Amino acid sequence: MRKKMTASLLLLSVALSAAACSSGGDKPSTSGGTASKQPDTDKPKPVLRQLLGYNRFDPNNNPVATYLKEATGYTVKYSMLPVENADEKLNLMMANQESYDFMKLNATQFAQLASSGALEPLNELIDKYGPNMKRVISKSSWNGATMKNQILAIPELAGSGITSGYSLVYRQDWLDELKLPVPTTLDELVNVLREVKAKKKVIPLSGGKDPIQGEIGAAMGWLYGVANQFKVEGGKIIHLAEDPKTVEYLTFMNKLYAEGLIDPEWAINQPNTLIERFTSGQSFMYREGWWNGASITDALASKTPGAKIGILPPLKDASGAAHASGSGGIGFFIGIPKWAPNKEETIKYIDKKFDEQIFKQLALGQEGKHYKVEDGKYIPILPIFEDEWNFAGELLTGIDEEKYPIYWQARVRKNPVVQNYFETFQKNAKGITYKDAMMFAPPIPEVSKNKQKLVKFTEDEFIKFITGAKPINQYDKYLQQWKADGGEEMMKAANNWYATVK
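None of these values were measured; they are calculated from a predicted model.

Brief notes about the nonpolar core
For step 1, the next point in the chain: Residues Met-103, Met-133, Ile-154 and Tyr-349 are the most contacted members of the largest nonpolar core, which totals 84 residues.
For step 2, the next point in the chain: The biggest single contributor to this core is helix 15 (residues 356-364), with five residues.
For step 3, the next point in the chain: Contacts of Tyr-349, omitting those with residues within four sequence positions, involve Leu-48, Leu-68, Thr-72, Tyr-74, Val-76, Tyr-78 and Phe-102.
For step 4, the next point in the chain: Judged by nonpolar contacts, the second largest core, of 57 residues, contains Trp-174, Leu-205, Ile-238 and Trp-266.

Next comes the structure, spelled out in structure tokens:
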């Protein structure tokens, strides 16, 4: 597989070199756009070709695609990457200079094509033909799609915006039975866990292979989480590995483990094990995502009728402040190949999709048919919303970053339990959310090549510190290894980028 990928990247490089030497086609202007003339407005619109990632629907026979054709006047023919070996297939397509007008890319694909020079700089095109997208896409999002001052894609922020994805959930009926208050601080949490262990004979706090528990760490000023491993401190970006508070956090977690307050199989538990233990009455508390709210509620009710789940608000620190980890960032990148035949018309089409009314119907469908409005909230009308508008997100090419997270919530309202979990998580986190410092960073080679292996190394080592397999006094050795294995290189590059945007 690696040999095939290397070969396709080499082929792509050769193809791009040939394209650069050719006298035909558009040439980048000095401002990073295209120097071609604006086409005659009376000329018929070209049929555009878009490449999508794989999903289980037919975009060429889809009600949303039909709506976009009617609303914009543009016909778009869609193709999909295969479900397997998608990146390799994409590289071969680009090496063959297949004539797609635009492509919806994930972060890895965007980084690969951007670094290889396959994507058209869009600065001038957007300045000339993209007033709507410039109005609704934030500067931070544009920064995430910009390399060496060239915008190489239209950034598409995650649909929900920056939201709170996880929370600690617990058995409220057990607290009621034991006449215990809902904990609001770490000390109160520890007291509750001790009482539950002593009187219910269950695992107080379950977890597994997820040693970065921001819901606990935030109560001691350790502001990290599942998606948050970088933060700004002292005018620069630091990684949680470098943060002195990390030792304090790991020491606290180790004390919980030694006292039997957290799962004895923390080092090996899989996510399905955590759900099974909680819904079968073997554990009291664990971390869960809002999207699983209906699943765990139904499973618990089937085994223990009358059981009640509580959602724990963020715990307060010593100063009385609470903090909640937020996730989000750029989900997709809309790129235009260097050799695309209709660059100007593509930007015009994409920008038209950002028209306020067109975008709203793209997101929600028709009011009264696909959705209704109740108390200011967008409510899907089922089953037609799901039948006709379920894949609308696949046909987005960027979002109105202020309005779409509100429209998007119609999707969580398809199930009242999921809606309650999502809205409760967001209500609890309102005004206290922190996010990853690299959330809107563009692809940085030194970060990309080191991040995943360092995440795995850090998780493995942290589990050892929490379970006592490795004493905390060896943390400095872990940190030295982390730096030597790419951490130092990664953070230097991260801060070089940060210096350009802060």
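A look at the confidence of the model for the chain
For step 1, the next point in the chain: Overall, the prediction assigns the chain a mean pLDDT of 92, with 92% of residues at 70 or greater.
For step 2, the next point in the chain: Low pLDDT, under 50, characterises residues 1-11; the predicted model gives this stretch 14 contacts beyond four residues in sequence or across chains.
For step 3, the next point in the chain: This model gives residues 18-40 a pLDDT under 50, and the stretch forms 36 contacts once residues within four places in sequence are excluded.

Focus: the side chain of Gln-172
For step 1, the next point in the chain: Note on placement: Gln-172 falls in helix 8 (residues 172-178).
For step 2, the next point in the chain: Given the relative accessible area of 13%, Gln-172 is considered buried.
For step 3, the next point in the chain: Those residues in contact with Gln-172 that sit more than four places away from it in its chain are Val-182, Lys-308, Ile-309 and Gly-310.

Focus: the layout of surface pockets
For step 1, the next point in the chain: Taken as a whole, the second largest pocket spans an internal volume of roughly 630 Å³.
For step 2, the next point in the chain: The wall of the second largest pocket is formed by 26 residues, among which Thr-146, Met-147, Lys-148, Asn-149 and Pro-442 lie closest to the centre.
For step 3, the next point in the chain: Secondary structure elements with two or more residues in the lining of the second largest pocket: helix 4 (107-116), helix 7 (139-144), strand 4 (146-147), helix 19 (445-467) and helix 20 (475-501).
For step 4, the next point in the chain: Sort the elements by how many residues they give to the lining of the second largest pocket and helix 20 lands first, with five residues.
For step 5, the next point in the chain: Along the lines of polarity and charge, the residues of the lining of the second largest pocket split into 13 nonpolar, nine polar and four charged.

What about a nonpolar patch on the surface?
For step 1, the next point in the chain: Residues Tyr-166, Val-226 and Trp-291 make up a contiguous nonpolar surface patch of about 280 Å² in total accessible area.
For step 2, the next point in the chain: Along the chain, the position of Trp-291 falls in the loop between strand 11 (283-289) and helix 13 (293-303).
For step 3, the next point in the chain: A residue is classified by how much of its surface remains accessible, and Trp-291, at 40% relative accessible area, is partly exposed.

Observations concerning the environment of Trp-389
For step 1, the next point in the chain: Its location among the elements puts Trp-389 in helix 16 (residues 384-389).
For step 2, the next point in the chain: The buried category is assigned to Trp-389, whose relative accessible area is 3%.
For step 3, the next point in the chain: Residues Trp-389 and Ser-116, spaced 273 residues apart in sequence, show a C-alpha to C-alpha distance of 36 Å.
For step 4, the next point in the chain: Those residues within four positions of Trp-389 in sequence are excluded, and the remaining contacts are Pro-63, Val-64, Tyr-67, Gln-361, Leu-362, Ala-363, Leu-364, Gly-365, His-370, Ile-384 and Arg-411.

Calculation rules
Residues numbered from 1 in each chain as written. Predicted model: local features only at pLDDT ≥ 70, side-chain atom pairs only at ≥ 80, totals over all residues. Heavy atoms only, no water. Core = buried A, V, L, I, M, F, W, Y, C linked by side-chain atoms within 4.5 Å. Buried < 20%, exposed > 50% of the residue type's maximum accessible area, 1.4 Å probe, protein only. Helix = DSSP H or I, 4+ residues; strand = E, 2+ residues; numbered from the N terminus. Contact = heavy atoms within 4.5 Å. pLDDT = per-residue confidence, 0-100. 1 Å grid on protein atoms, 1.4 Å probe; cavity = no way out; pocket = protein on both sides within 12 Å on 5 of 7 lines; lining within 4 Å. Points joined across faces, edges and corners; volume = space filled by probe spheres on them. Nonpolar A, V, L, I, M, F, W, Y, C, P; charged D, E, K, R; others polar. Patch = residues over 30% accessible without salt bridge, like charges linked within 9 Å, V, L, I, M, F, W, Y side chains within 5 Å. Areas by Shrake-Rupley, 256 points an atom, 1.4 Å probe, with all protein chains shown as cover. Salt bridge = Lys/Arg side-chain N within 4 Å of Asp/Glu carboxyl O.

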